[in-house]
Amino acid sequence: MTDLGFDAPTVIRTKRDGGRLADAAIEWVVDAYTHGRVAEEQMSALLMAIFLRGMDRGETASWTAAMLASGDRLDFSDLGTPTVDKHSTGGVGDKITLPLVAVVAACGAAVPQASGRGLGHTGGTLDKLESIAGFSAMLSNERVRDQLRDVGAAIFAAGELAPADAKLYALRDVTATVESLPLIASSVMSKKLAEGAGALVLDVKVGSGALLSSPQRCRELAHTMVELGAAHGVPTHALLTDMNGPLGATVGNALEVAESLEVLAGGGPPDVVALTLRLASEMLELAGVDARDPADTLCDGTAMDRFRRLIAAQGGDLSVPLPIGAHSETVTAARGGTMGDIDAMAVGLAAWRLGAGRSRPGEGVQAGAGIRIHRRPGEPVSAGAPLFTLFTDTPERFGAALAELDGGYRVGDTPPASRPLIIDRIVT
């Protein structure tokens with residue numbers, strides 16, 4: 001694309017001053033950044049201007065379309081099997097994709113799951129899976145198609161799907177521009193529309209550990225993404241789900257894989273199991289698959305079999321022990337009582353400090369870094385009992401991680417108020 005009379009400083013200035021970006025300006029700046037004609041510092045400035053000034057629905061739709069047009073768009077309409085995918089807006093301890101993909105595939109739908117890496121304090125599916133020895137998320141489009149036919153699922157890096165999003169995703173992660181409604185909506189939907197699924201279910205997190213903590217903003221985000229899906233011919237539903245506390249009892253890459261395997265073996269934390277099955281039912285309904293009860297796949301081992309096939313197809317070896325940080329620190333209870341609320345943001349930031357996340361684009365993460373939560377809200381606690389165990393390969397990180405965790409939990413005399421896991425359901 002030629003420069004069409006646009007330049008980066010003018011586009012930045014327009015948004016900085018609260019103006020509306022024309023469709024042509026959005027198309028130009030996304031394309032120019034993708035191909036290196038707009039510098040990183042210029043796009044960083046524009047992202048911050050968007051973060052502060054926002055974008056209206058029309059601008060968000062244009063930004064999404066521009067990112068979608070930056071690369072390939074897959075088409076599985078000839079596969080002979082209904083295709084459906086799920087996307088979470090990101091949470092702490094959110095390992096749901098791992099068991100969910102296997103459950104849905106075991107029920108008869110195909111799941112093309114283009115996934116991302118950790119963003120801010122939230123974990124990334126690819127970072128988790130790459131803690132499995134040999135696992136590769138780098139699949140060609142043809143490999144994805146073959147694996148959907150043979151296994152019923154593929155979890156892969158977006159690659160040439162919406163490459164503009166891949167660059168912007170990494171830049172947002174390190175420029176404090178993650179929590180922007182239009183940038184989240186366009187990032188999610190450009191990648192998900194490009195991957196070619198026939199239907200889409202969104203898990204929009206609400207609470208302290210979510211990318212957007214305000215229930216009103218989360219509801220607006222859900223509506224925006226559902227509308228974007230419908231506008232591109234992809235039936236889309238959204239569930240608003242609680243993210244005030246971490247999901248499950250582990251936060252960190254390999255730790256969350258191990259917990260996912262527990263779920264697939266018919267165990268695991270009740271909240272992880274419940275959300276997995278609720279999302280599976282929503283996906284199967286939207287895909288038009290009238291199948292068996294998803295819970296049966298966890299009981300009879302068919303979901304575990306499907307997961308093992310998926311991992312093996314992508315080079316992974318589950319017989320190799322998952323890594324765990326070489327150093328650990330345990331936080332114990334100063335008093336007895338009942339475990340109160342655990343703040344998801346505090347735990348997520350502590351795990352990030354331990355090395356489970358990254359602070360600059362392309363930085364590696366520690367597969368074995370993370371936190372094991374020993375007492376869930378409402379459970380009894382004895383004085384001196386372990387509450388959290390922190391893992392890392394770099395023990396100098398413990399101080400900062402413990403500081404993040406301090407104040408993020410309490411032990412009291414009464415149990416905390418219960419909160420619903422599913423808050424609302426958004427459809428067109």
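Residues numbered from 1 in each chain as written. Predicted model: local features only at pLDDT ≥ 70, side-chain atom pairs only at ≥ 80, totals over all residues. Heavy atoms only, no water.

- As named in an unreviewed UniProt entry, the protein chain is Thymidine phosphorylase, taken from Mycobacterium europaeum.
- According to the UniProt record, the Function (unreviewed entry) comment for the protein chain reads "The enzymes which catalyze the reversible phosphorolysis of pyrimidine nucleosides are involved in the degradation of these compounds and in their utilization as carbon and energy sources, or in the rescue of pyrimidine bases for nucleotide synthesis."
- What UniProt records for the protein chain under Catalytic activity (unreviewed entry) is the sentence "thymidine + phosphate = 2-deoxy-alpha-D-ribose 1-phosphate + thymine". (UniProt positions renumbered as here; feature names shortened; annotations may be inferred.)

Here we look at the pairing of strand β4 (residues 200-206)
No. 1: In terms of residue burial, β4 counts as a mostly covered element, since seven of its seven residues are buried.
No. 2: A two-sided burial pattern is seen for β4, the buried positions comprising Leu 200, Leu 202, Val 204 and Val 206 on one face and Val 201, Asp 203 and Lys 205 on the other.
No. 3: Relative to β4, strand β1 (residues 85-88) runs parallel, the two being bridged by four bridges. Note that in β4 the partner of Ser 88 across the bridge is Asp 203.
No. 4: The pairing of β4 with strand β5 (residues 236-242) spans seven bridges and is classified as parallel. Across the sheet, Leu 200 pairs through a bridge with Thr 236, a residue of β5. (Buried < 20%, exposed > 50% of the residue type's maximum accessible area, 1.4 Å probe, protein only. Helix = DSSP H or I, 4+ residues; strand = E, 2+ residues; numbered from the N terminus. Pairing = 2+ DSSP bridges.)

As for the side chain of Thr 64
No. 1: With respect to the helices and strands, the residue Thr 64 is situated in helix α4 (residues 57-68).
No. 2: Only 2.8 Å separates the side chain of Thr 64 from the backbone oxygen of Thr 60, close enough to count as a polar contact.
No. 3: For Thr 64, the residues in contact, after removing those within four places along its chain, are Ser 186, Met 189, Ser 190 and Leu 228. (Polar contact = N/O pair within 3.5 Å; in protein donor to acceptor, adjacent residues only side chain to side chain. Contact = heavy atoms within 4.5 Å.)

Focus: the sheet that holds strand β9 (residues 370-373)
No. 1: Sheet architecture is open: four strands sit in the order β6-β9-β11-β7, paired in antiparallel fashion. Since the sheet does not close on itself, it has two edges, and those belong to β6 (250-252) and β7 (327-332), each with one partner. Averaged over all pairs of adjacent strands, the angle between their axes in this sheet comes to 15°, without regard to strand direction.
No. 2: As judged from the three bridges shared by β6 and β9, these two strands associate in the antiparallel manner. Bridged to Val 251 within β9 is Ile 371. (Axes fitted to C-alpha atoms, helices over the stretch in contact; angles between N-to-C directions.)

Overview of the nonpolar core
No. 1: Counting 71 residues, the largest nonpolar core has Val 104, Ile 371, Phe 388 and Leu 390 as the members making the most contacts within it.
No. 2: Both of domain 2 (84-319) and domain 3 (327-412) provide at least three residues apiece to this core.
No. 3: When neighbours within four sequence positions are excluded, Ile 371 is seen to be in contact with Ala 249, Thr 250, Val 251, Leu 255, Val 347, Ala 350, Ala 351, Leu 354, Phe 388, Thr 389 and Leu 390.
No. 4: The next biggest cluster of nonpolar side chains, apart from the first, holds 37 residues, and it includes Ala 185, Leu 200, Leu 228 and Val 234. (Core = buried A, V, L, I, M, F, W, Y, C linked by side-chain atoms within 4.5 Å. Domains from an automatic or database assignment.)

Observations regarding the state of the cysteines
No. 1: For the coordinates displayed, the defined rule picks out zero disulfides.
No. 2: Looking at Cys 107, it has no disulfide partner, and the nearest cysteine sulfur is the one in Cys 299, 12 Å off. (Disulfide = S-S within 2.5 Å.)

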